[in-house]
Amino acid sequence: MLNTRLNILVALPCEAKPINQLLSLKRLQPDGDLPLYVGQDATLVLAGHGIEATATGVRVLHQRNSNKDACWLNIGIAGHAKLPVGRGMIASQVLGPGDGQSWNMIVPEHLNCPAGIVQTVLQPASDYPNQAAYEMEAAGFVAAALEFSPIAKIHVLKLISDNPDNPNRGISAKMVRTLIQAQSGLIRQLINRILREDVEPPSS
């Protein structure tokens, strides 16, 4: 049985590989239905894209990690109307598709990136009508993680992969790996902040 302080969920192999390298995570053998990677402080699941796959990935992580007080982090790509490609954004609010649910997130302090709205959609977005990051996992991630943990332990980080000047048809696995590698400092900063605040919650 695993025992780590952080559960990380990604959708794509090209997202998993640079994070595994950054955090020195190793493939768990033998694996189960979904690929799992584990290190000293974190376990990562490669869940596949979409709300249902994401929710399944969350439940697999909860089942396999014996630390039931672990924090949760979703890292992935998103499109945005204004932010440049490569910029990181931490979710201050996550919106479900259509008229779905919404969640106000607790944003860790002093991060080197903006906070903003993450809008989950059912199909890849080709336009971005609101000042939100558009992606396909966060709502499923938050809804499922809330079955096991309070909102303060759940976080969503998106890296901008497309915008009006750089349409999503230009996204490739190599590009996504490069985006994540370029933001390795931010990812490590966020993880350190999450784990530190979990031990010493910020004063209200």
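Worth saying up front: this structure is predicted, and the values here are computed from it rather than measured.

As a further point, take helix H2 (residues 51-64). For an α-helix, the turn length of 3.6 residues means that residues three or four places apart are oriented alike. For H2, built from 14 residues, the straight-helix expectation of 20 Å at 1.5 Å per residue is met to within 8% by its first-to-last C-alpha distance of 20 Å. Each element contacted by the buried residues of H2 is listed here: strand E1 (6-10), strand E3 (36-38), strand E4 (42-46), strand E5 (71-80) and helix H3 (138-145).

Of the positions making up helix H4 (residues 173-182), those classed as buried are Val176, Leu179 and Ile180. For H4, the angular spread of buried residues about the axis comes to 95 degrees, placing them on one side. Across H4 from its buried face, at more than 90 degrees, point the exposed residues Lys174 and Ala182.

Attention now goes to the pairing of strand E9 (residues 132-135). Side chains of E9 alternate between two faces, with Ala132 and Tyr134 and Ala133 and Glu135 buried alike. Summarising the sheet, E5 and E9 pair through two bridges and their orientation is antiparallel. Note that in E9 the partner of glycine 79 across the bridge is tyrosine 134. Of the strand pairs in this sheet, strand E8 (residues 115-120) and E9 are connected by four bridges, and their pairing is parallel. Counted as the bridge partner of valine 118 is alanine 133 from E9.

Take the side chain of serine 149 next. With respect to the element layout, serine 149 can be found in the loop between H3 and strand E10 (154-162). We classify serine 149 as buried; its relative accessible area is 7%. A polar contact of 2.9 Å, which involves the side chain of serine 149, links it to the side chain of tryptophan 72. Not counting residues up to four positions away in its chain, the partners in contact with serine 149 are Ala70, Trp72 and Ile154.

The rules behind these values
- Residues numbered from 1 in each chain as written.
- Predicted model: local features only at pLDDT ≥ 70, side-chain atom pairs only at ≥ 80, totals over all residues.
- Heavy atoms only, no water.
- Helix = DSSP H or I, 4+ residues; strand = E, 2+ residues; numbered from the N terminus.
- Expected span 1.5 Å × (residues − 1).
- Contact = heavy atoms within 4.5 Å.
- Buried < 20%, exposed > 50% of the residue type's maximum accessible area, 1.4 Å probe, protein only.
- Arc of directions from axis to C-beta.
- Pairing = 2+ DSSP bridges.
- Polar contact = N/O pair within 3.5 Å; in protein donor to acceptor, adjacent residues only side chain to side chain.

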